[in-house]
Amino acid sequence: MMRKIYFDGYLPPSKWEVRRSRLVMQSKNLRDILALNPFGATRSPSGVFDHVKPSVLITTFTGRVAADKLPKPPFLVPAVIEALASCKDWGSLIQVVPGEADVYCAQDVRKNGGIVLTSDSDLLIQDLGHAGRVSFFWGLVYKGPLGTRALSAYTYSFHGINNQLGVKDVGGLPRVVFDQIHGRITFEEAVEKAKKKSTRVLTSPDYLDFLKEYEIDTSIMDDRIALDSISLDPRISEVVVQTLVMTDAGLVPDVETARGPEKLSIFLPVMIENRDIRSCWTTSTWIRQTAYGILQTLSSHRSKQIIEYRTLDTSSGRSGRQVDIPGPVETLDACVELTNTLKRLQKGIPPPNNVWFALAMLKDVENSVDEDQTSLSAILLSQANVPVASAYVYSLDLIHYTAQVQATYYSLRLLKQILDAVLALGRNTPRPFRELHESISSLPPIVAWPTVEDMPDILSSALSGDILSKVTDILGIPRIYLDKLTMKYTKSKQKKRKQVHDTPGRNSQGAAKRSPSINPFAILSESSQE
């Protein structure tokens with residue numbers, strides 16, 4: 001049977017084909033990048049970055065999203081860190097720390113000597129000790145005896161620069177940079193100003209605030225044994241650090257943003273999803289709440305809420321959501337419940353079906369029933385017997401469902417890494433924490449997470465394995481209830497398509513004019529099979 005595409009607005013077939021395939025190509029190319037051996041390739045495959053587009057753009061005049069752009073791949077940075085850490089050549093050299101990397105580098109070099117290789121010029125005004133130096137990536141060259149290859153670079157010394165400029169006794173290089181920034185003058189002018197101006201500026205509130213940005217945060221543990229047992233994504237690292245330094249007032253100290261005094265918050269990866277319906281992060285909220293509750297055991301002040309930022313659109317009321325953090329007893333109960341759920345899924349789901357995908361399906365069904373909404377799992381499983389030839393036409397439902405599954409995987413990853421930190425930094429951790437940590441220890445790496453081009457086969461496998469029935473049995477939800485919701489959804493879609501198809505006065509391309517949606521993938525929402 002031939003697949004037809006219905007949509008409210010005309011799009012030339014050539015553009016439709018490009019847009020439909022861009023997401024698939026993006027995930028495929030990124031997998032190719034992550035599969036490269038750091039020592040096995042001198043350059044990336046040709047065109048591998050063609051579909052890695054900039055973040056969603058909001059135009060100046062309309063405020064609309066540029067529909068031909070995709071957001072940056074949401075898990076690229078942690079995936080690269082993960083790939084490096086698992087590499088046999090580089091893995092032993094990789095250390096992910098729960099804080100600013102340059103601060104840890106500076107602290108280590110100050111204690112032990114060495115060279116910090118960086119692209120961050122801020123390290124020049126860090127006191128790295130007399131044996132500490134800074135070199136920059138752009139200054140690296142191959143220079144060695146004939147027939148040999150050796151890396152050479154210029155090195156810069158904090159104390160050497162201070163002595164050469166003659167500003168050692170008037171605040172040094174930090175004072176020069178402060179004068180340059182606040183006076184909006186050249187570096188040379190700032191040097192002369194520092195030499196002539198009174199040293200009273202060194203005790204001024206503005207200067208002391210400037211120095212705080214480069215101080216070591218002593219509230220963050222730097223024990224090597226503890227750090228070696230922690231591998232945190234940058235986004236997760238931020239919320240761990242915030243929790244460690246949280247004040248009694250429930251605020252991060254010395255932080256003021258456009259949103260006001262910053263409370264406990266986390267910026268979740270920006271996903272490629274349908275923003276006209278509930279967020280893809282909604283179904284896995286309970287998993288993250290459990291993680292936040294566990295993290296509170298490290299804090300001297302227990303926060304009752306956390307702000308989750310899920311989009312880059314600051315004009316949207318959905319960009320930041322307050323999420324309740326469960327108390328100690330609720331957190332322990334949640335750990336036990338999740339551990340038991342995973343055990344039941346492992347027993348009830350035979351290979352090759354994935355227990356993590358089944359958990360994502362379970363949370364989707366549970367959340368949908370709680371809100372009396374149609375489950376995307378049930379909808380897509382009802383369509384999973386579509387002929388293979390049609391499986392590569394990706395609907396918006398499928399794209400959103402993929403984002404929802406990936407959000408569940410990332411929520412489990414957040415939970416695992418927070419448990420890593422709590423078990424490393426905490427004392428006398430409860431047994432449910434340790435059991436849950438063991439239960440999710442086999443969570444696959446990001447490169448193995450399902451992507452949109454994998455989803456048709458995954459759904460077909462789940463259909464043949466009757467995974468939905470096993471999920472509803474665990475939840476105690478009658479399967480007939482889901483079937484009724486799915487049938488209601490299907491009839492509603494069919495009625496809408498008929499209305500769109502039969503509307504009089506449509507133009508020759510079959511599309512009526514309407515205001516463009518802010519959702520860059522809204523065009524896919526009318527895709528169907530006939």
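These remarks concern the structure in this document. Values in this document were obtained by computation on a predicted structure and should not be read as measured data. (Residues numbered from 1 in each chain as written. Predicted model: local features only at pLDDT ≥ 70, side-chain atom pairs only at ≥ 80, totals over all residues. Heavy atoms only, no water.)

1. So, the overall build of the protein chain
Phase 1 of the analysis: Looking only at helices and strands, one finds 18 helices and 9 strands in the protein chain.
Phase 2 of the analysis: Here the protein chain, with 530 residues, has 45% of them falling under the buried criterion.
Phase 3 of the analysis: Across the protein chain, the fraction of contacts at a sequence separation of at least 24, relative to all contacts at a separation of at least 6, is 68%.
Phase 4 of the analysis: Surface accessibility of the protein chain: about 28200 Å² in total, with carbon and sulfur atoms responsible for 54%. (Helix = DSSP H or I, 4+ residues; strand = E, 2+ residues; numbered from the N terminus. Buried < 20%, exposed > 50% of the residue type's maximum accessible area, 1.4 Å probe, protein only. Contact = heavy atoms within 4.5 Å. Areas by Shrake-Rupley, 256 points an atom, 1.4 Å probe, with all protein chains shown as cover.)

2. Description of unusual backbone geometry
Phase 1 of the analysis: Even without being a glycine, Arg184 presents a positive backbone phi close to 50 degrees.
Phase 2 of the analysis: Locating Arg184 in the fold gives a position in the loop between α5 (172-183) and α6 (187-196).
Phase 3 of the analysis: The residue Asp372 is not glycine, and still its phi comes out positive at about 55 degrees.
Phase 4 of the analysis: Structurally, Asp372 can be placed in the loop between α12 (355-370) and α13 (376-382).
Phase 5 of the analysis: A residue is classified by how much of its surface remains accessible, and Asp372, at 52% relative accessible area, is exposed.

3. Side note on a negative patch on the surface
Phase 1 of the analysis: The grouping of Asp122, Asp206, Asp209 and Glu213 at the surface amounts to a negative patch.
Phase 2 of the analysis: On the secondary structure map, Glu213 appears in the loop between α7 (205-212) and α8 (224-228).
Phase 3 of the analysis: A residue is classified by how much of its surface remains accessible, and Glu213, at 57% relative accessible area, is exposed. (Patch = residues over 30% accessible without salt bridge, like charges linked within 9 Å, V, L, I, M, F, W, Y side chains within 5 Å. Salt bridge = Lys/Arg side-chain N within 4 Å of Asp/Glu carboxyl O. Lys, Arg positive; Asp, Glu negative; His and termini not counted. Charge placed at Lys NZ, Arg CZ, Asp CG, Glu CD.)

4. Observations concerning the sheet that holds strand β9 (residues 320-324)
Phase 1 of the analysis: Reading across from one edge, β7-β8-β9 is the order of the 3 strands in this open sheet, with mixed pairing throughout. In this open sheet, the two strands that pair with only one neighbour each are β7 (265-267) and β9. Going from strand to strand, the sheet's axes swing by 25 degrees on average, the running direction of each strand aside.
Phase 2 of the analysis: Across the sheet, helix α9 (residues 234-245) is in contact with β7 and β8 (305-309); its angle to β7 comes to roughly 170 degrees. (Pairing = 2+ DSSP bridges. Axes fitted to C-alpha atoms, helices over the stretch in contact; angles between N-to-C directions.)

5. A short note on the pattern of salt bridges
Phase 1 of the analysis: Evaluation of the coordinates by the stated rule reveals 12 salt bridges.
Phase 2 of the analysis: Note that Lys195 and Glu192 form a salt bridge whose closest N and O atoms lie 4.0 Å from each other. Here Lys195 and its partner Glu192 are both found in helix α6, 3 residues apart, which amounts to about one turn of the helix.
Phase 3 of the analysis: Note on Lys195: relative accessible area 40%, which makes it partly exposed.
Phase 4 of the analysis: Linking Asp233 and Arg413 is a salt bridge whose minimum nitrogen-to-oxygen distance equals 2.7 Å. Residue Asp233 is located in the loop between α8 and α9, and its partner Arg413 is located in helix α14 (residues 396-425); the two are separated by 180 residues in the primary sequence. Each of the two residues, Asp233 as well as Arg413, counts as buried.

6. Section: the nonpolar core
Phase 1 of the analysis: Among the nonpolar cores identified, the biggest contains 78 residues, and Ile294, Phe357, Met361, Tyr401, Leu415 and Leu459 are the most heavily contacted of them.
Phase 2 of the analysis: Per element, the largest residue contribution to this core is 17 residues, and it comes from α14.
Phase 3 of the analysis: Once you skip the residues sitting within four places of it in the chain, Ile294 turns out to touch Thr331, Cys335, Leu415, Ile418, Leu419, Val422, Phe433 and Leu436.
Phase 4 of the analysis: The next biggest cluster of nonpolar side chains, apart from the first, holds 16 residues, and it includes Ile161, Ala194, Phe210 and Tyr214. (Core = buried A, V, L, I, M, F, W, Y, C linked by side-chain atoms within 4.5 Å.)

7. Some words on helix α10 (residues 285-295)
Because each turn of an α-helix spans 3.6 residues, side chains separated by three or four positions end up pointing in the same direction.
Phase 1 of the analysis: Most of α10 is tucked away: 9 of the 11 residues are buried.
Phase 2 of the analysis: Looking at α10, one finds that the buried residues are Thr285, Ile287, Arg288, Thr290, Ala291, Tyr292, Gly293, Ile294 and Leu295.

Taken by themselves, the reported measurements are silent on function.
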